[in-house]
Amino acid sequence: MNNPQRGRRVNRPDNISVFYPEAETTLLAYLIEVLSPKSRTEIKSLLAHQQVMLNGTPTRQFDEPLAPGDEVVVNFSRPFATLNHPMINLMYEDEHIVVISKESGLLSEPVGARSREKSAQKIVDEYLYASDGRTHAYTVHRLDQFTSGILIFAKNPAVQRKLREAWSTYIVERRYMAIVEGTPRDPEGEISSYLVENKNMVVYSTRDPEKGKLAVTRYHVIKSSRGYSQVDLQILTGRKNQIRVHLSDIKCPIAGDRKYGAKTNPKGRLMLHNYLLQFIHPVTRENLKFELPLPKIFNI
């Protein structure tokens, strides 16, 4: 489900100026020079209201060092939009896509009766719309609500469609870390099955290709301690609840995952973290790789 509110906000046109320093200096000193006859107080006000951007990032720091090759952008009309949310971190943005990391507990996108609940898609959508009054966030893929990790959003339906229709072609690698109950019988292996979802929204494995969609997960046990194991996982397909089902199938459910058989919840969350996402940019064809550190609670 992805249905951002379309339309253009009524705004006065942005009055933007771009500057390129030719010598080493500091931001405030440079702005006083190039924005003359504006007063020091007026320029400090622009900084305080986040109307100055240095090399693509809004800043309030008057003593930021500048060097030749830096880009300083001043918006005299309004502040530059920033993505500030305790459960989201902006990792990458260009004119086509946005890449973020989300914390455990945040929905990837609005779902059914919970459509009013905050989601990563809604938060990114509000940020993009505040930037220019017309751009929206379009969902490309999802993470379970209680899985932390990396998400891509498209900035227009054409890019969304391109990624969704050939997702496996664009994805180079997706890796997760999980803390599971027990220890897998084999220290590494590949789990393959066809996944089906029942009317209670529980996904399960079948060997019948006529009933489900093929899902393949590779795993490697990093270490085991006190009844738990840290397991590195690579998914070769992107099915709903794939990792959760496959680890349950080998009798090592993810800690905190009572839906798929876990008996314990030692850290108060689903212990699954998407720490690496590598993909080919759908427009520029760049090979982009994003990695996140392992949450401290995953150390066993």
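That block above? That's the structure.
Overview of the structure. (Residues numbered from 1 in each chain as written. Predicted model: local features only at pLDDT ≥ 70, side-chain atom pairs only at ≥ 80, totals over all residues. Heavy atoms only, no water.)

### Here's the deal with the sheet that holds strand E11 (residues 171-181)
Within a sheet, each strand pairs with its neighbour through backbone hydrogen bonds, oriented either parallel or antiparallel.
Alright, step 1. Spatial ordering of the open sheet is given by E13-E12-E14-E15-E11-E16-E17, a layout of seven strands whose pairing is antiparallel. If you trace the sheet from one side to the other, it starts and ends with strand E13 (203-206) and strand E17 (287-291), each paired once. Averaged over all adjacent pairs, the angle separating strand axes in this sheet is 30°, with direction ignored.
Alright, step 2. Of the pairings in the sheet, the one linking strand E14 (residues 213-225) to strand E15 (residues 228-235) comprises eight bridges and is antiparallel in character. The residue of E15 that forms the bridge with threonine 217 is isoleucine 235.
Alright, step 3. Along the sheet face, helix H6 (residues 242-249) touches E11, strand E12 (188-197), E13, E14, E15 and strand E16 (272-280) and points at about 115° away from the line of E12. (Pairing = 2+ DSSP bridges. Helix = DSSP H or I, 4+ residues; strand = E, 2+ residues; numbered from the N terminus. Axes fitted to C-alpha atoms, helices over the stretch in contact; angles between N-to-C directions. Contact = heavy atoms within 4.5 Å.)

### Observations regarding a nonpolar patch on the surface
Alright, step 1. A cluster of nonpolar side chains, namely Ile16, Val18 and Tyr20, defines an oily patch on the protein surface of about 280 Å² accessible area.
Alright, step 2. You can see tyrosine 20 is positioned in the loop between strand E1 (16-19) and strand E2 (25-26). (Patch = residues over 30% accessible without salt bridge, like charges linked within 9 Å, V, L, I, M, F, W, Y side chains within 5 Å. Areas by Shrake-Rupley, 256 points an atom, 1.4 Å probe, with all protein chains shown as cover. Salt bridge = Lys/Arg side-chain N within 4 Å of Asp/Glu carboxyl O.)

### With respect to the sheet that holds E1
Alright, step 1. Here we have four strands laid out as an open sheet, ordered E1-E6-E3-E4, and antiparallel in their pairing. Edge positions in the sheet fall to E1 and strand E4 (57-58), since each of these pairs with one other strand and no more.
Alright, step 2. Running over the sheet, helix H1 (residues 27-34) touches E1, strand E3 (52-54) and strand E6 (72-75) and is turned about 65° from E6.

### Thoughts on H6
Alright, step 1. For H6, the tally of buried residues reaches six of eight residues, placing the bulk of the element in the interior.
Alright, step 2. Within the span of H6, buried status applies to Gln242, Ile243, Arg244, Val245, His246 and Leu247.
Alright, step 3. Residues of H6 that are buried make contact with E11, E12, E13, E14, E15 and E16. (Buried < 20%, exposed > 50% of the residue type's maximum accessible area, 1.4 Å probe, protein only.)

### Let's talk about the pattern of salt bridges
Alright, step 1. All chains considered together, the criterion is met by 11 salt bridges.
Alright, step 2. Here glutamate 173 ties to arginine 175 by a salt bridge, and the two come within 2.8 Å at their closest N and O atoms.

### As for helix H3 (residues 120-132)
Alright, step 1. With 13 residues, H3 should cover 18 Å at 1.5 Å per step; its first-to-last C-alpha distance of 19 Å lies within 8% of that length.
Alright, step 2. Where H3 is concerned, the buried positions are Ala120, Gln121, Ile123, Val124, Asp125, Tyr127, Leu128 and Asp132.
Alright, step 3. Those residues of H3 that are buried are in contact with strand E7 (88-93), strand E8 (97-102), strand E9 (138-139) and strand E10 (149-154).
Alright, step 4. Note on H3: the residue one or two positions beyond its end, glycine 133, has a positive phi of about 80°. (Expected span 1.5 Å × (residues − 1).)

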